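In case you want the letters, here they are:
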There are 2 protein chains.
Amino acid sequence: MKKVLIHITLKEGVLDPQGKAVQHSLETLGYDTVKEVRVGKYMELVVEDDASIEQQVETMCEKLLANPVIENYSYTVEEVVPL
Amino acid sequence: MKKVLIHITLKEGVLDPQGKAVQHSLETLGYDTVKEVRVGKYMELVVEDDASIEQQVETMCEKLLANPVIENYSYTVEEVVPL
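With an unreviewed UniProt entry as reference, chain A is termed Phosphoribosylformylglycinamidine synthase subunit PurS, source organism Paraliobacillus ryukyuensis. Among the UniProt annotations of chain A, the heading Subcellular location (unreviewed entry) holds the following wording: "Cytoplasm". Under the Sequence similarities (unreviewed entry) heading, UniProt states for chain A: "Belongs to the PurS family."

**Digging into the interface of chain B and chain A**
In this complex, chain B contributes 30 residues to the contact, which on the side of chain A involves 30 residues. Carbon and sulfur atoms supply 68% of the area that chain B and chain A bury against each other, a total of about 2,900 Å² over both sides. Area buried by chain B at its contact with chain A is led by Tyr31(B), Thr33(B) and Tyr42(B), which between them contribute 20% of it. At the junction of chain B with chain A, the criterion picks out two salt bridges. Between Glu48(A) and Lys35(B) there is a salt bridge whose closest N-O contact spans 3.3 Å. Linking chain B with chain A are 13 residue pairs in polar contact (both at pLDDT 80 or more). Counting residues per element, the ones that place at least two in the side of chain B that touches chain A are β1 (2-10), α1 (17-28), β2 (34-47) and α2 (53-65) of chain B. Sorting elements by how many residues they give to the side of chain B that touches chain A places β2(B) first, with 14 residues. Residue composition of the side of chain B that touches chain A, by class: 16 nonpolar, seven polar and seven charged. Summarising the sheet, strand β2 (residues 34-47) of chain A and β2(B) pair through 13 bridges and their orientation is antiparallel. Bridge pairing links Val46(A) to Glu36(B) in β2(B).

What counts, and where the lines are drawn
- Residues numbered from 1 in each chain as written.
- Chains lettered and ligands numbered in written order.
- Predicted model: local features only at pLDDT ≥ 70, side-chain atom pairs only at ≥ 80, totals over all residues.
- Heavy atoms only, no water.
- UniProt positions renumbered as here; feature names shortened; annotations may be inferred.
- Contact = heavy atoms within 4.5 Å.
- Buried area = accessible area lost by both parts, 1.4 Å probe.
- Salt bridge = Lys/Arg side-chain N within 4 Å of Asp/Glu carboxyl O.
- Polar contact = N/O pair within 3.5 Å; in protein donor to acceptor, adjacent residues only side chain to side chain.
- Helix = DSSP H or I, 4+ residues; strand = E, 2+ residues; numbered from the N terminus.
- Nonpolar A, V, L, I, M, F, W, Y, C, P; charged D, E, K, R; others polar.
- Pairing = 2+ DSSP bridges.

In structure tokens form, the structure reads like this:
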């Protein structure tokens, strides 16, 4: 089994109202040293071993997990350590 | 300036309906090798340099960014590379 860690972030230049809201809340709490906040998604997938796993993850991201028009994605594949 | 990368994930044992929904959608698309999906949050903060930055980020996570009852958080601090 493999563990796939996926990061999905908004492309540069795309407005991030959620990030702005978080930044504003932090400011209200007194954290005015925070100059910018961008919010993204993070997913952990447990996937059966397969030679084409990277290819598959890319199609998953393109088709379902990310919106390639406004989002970038990146991923890393690691071995699942059995307990 | 520093860039703080924050990962927020549900604690082990906490149900993740969003992850289940994603897994189900992937299955519908034919990706039945995906055995588990957990969805988390990922944030990038740009913060002014400060000696106590790690301490501050921890309080931000505890107070606002994460729900410490059901979520774990982790973060890394890196230097912002000027363009």
